[in-house]
Amino acid sequence: MARWSAAYSLLLLFPGCGRYTITPPLNVDRPTTVYIADLGNTSKLLLPTDDGRFIEFGFGDWEFYAKGNDFPLYAPFVLLIPTPGTLSKRVYPSDPTGWIYAEALHPLDVERADVAALERRLSDLYDAHVETEINNPGFGLDFVKVDEGYWLFNQSSSKVAEWTRELGCEVSGWTLIAGFRVVAPTN
């Protein structure tokens, strides 16, 4: 937790960047529901599959998130200097609303084809690095080490924002922390 406290303290240097807004697309021909899990200090995206399962994807720092190494002096460095990133994955056998612990679970109705394309891309990325796969029982997730670096401007919130853009959502504001809100689309 010391790592997260230091991270949030550093963010006080960026006034007004605490929340961002996600607006789902207004017109969707073949809608399906995805979920953004707000876990307080991080965000995850949960995507449905054709067989009724959901796959949760997240992004974080390899040492802290995947390996569970919470070095007290690590936070300032990880925010300013890119460190190895990790893609996390967990599969739910059905709708995740009864399975996942989150401060909030935000449903978004988006285009089914966009969800399938994003799920395929993230699953392919995971599979391409499966030789690095580890399980962190503390988080109950599987992780692979990816080539993309983790740091202040490329962390879990910015990744969820990037992924929701791929689903046709509009994202506005700074995505430096998990503080986001979902608003209804307007004409």
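Anything mentioned here points back to the structure above.
Predicted, not measured: the structure shown is a model, and the values here were computed from it. (Residues numbered from 1 in each chain as written. Predicted model: local features only at pLDDT ≥ 70, side-chain atom pairs only at ≥ 80, totals over all residues. Heavy atoms only, no water.)

*Asks:* Give me the nonpolar core: which residues, what numbers.
*Replies:* The biggest cluster of nonpolar side chains holds 26 residues, and the ones touching the most others in it are Ile22, Val34, Leu45, Leu47, Trp163 and Leu167. Those elements that provide at least two residues to this core are strand S1 (20-23), strand S2 (31-38), strand S3 (43-48), strand S4 (54-61), strand S6 (104-111), helix H4 (112-128), strand S8 (141-150) and helix H5 (156-166). Looking at this core, the element that brings in the most residues is H4, giving four residues. Those residues in contact with Leu47, other than ones at most four positions away along the chain, are Val34, Arg53, Phe54, Ile55, Phe57, Val115, Leu118, Glu119, Leu122 and Leu167. (Core = buried A, V, L, I, M, F, W, Y, C linked by side-chain atoms within 4.5 Å. Buried < 20%, exposed > 50% of the residue type's maximum accessible area, 1.4 Å probe, protein only. Helix = DSSP H or I, 4+ residues; strand = E, 2+ residues; numbered from the N terminus. Contact = heavy atoms within 4.5 Å.)

*Asks:* Describe the sheet that holds S8, with residues and values.
*Replies:* An order of S6-S2-S3-S4-S5-S8-S7 is seen for the seven strands of this open sheet, with the pairing classed as antiparallel. Of all strands in the sheet, those bounded by a partner on one side alone are S6 and strand S7 (134-136). Between one strand axis and the next, the sheet turns through 35° on average, direction left out of account. The pairing of S2 with S3 spans four bridges and is classified as antiparallel. Looking at S3, one finds that Asp38 is bridged to Ser43. (Pairing = 2+ DSSP bridges. Axes fitted to C-alpha atoms, helices over the stretch in contact; angles between N-to-C directions.)

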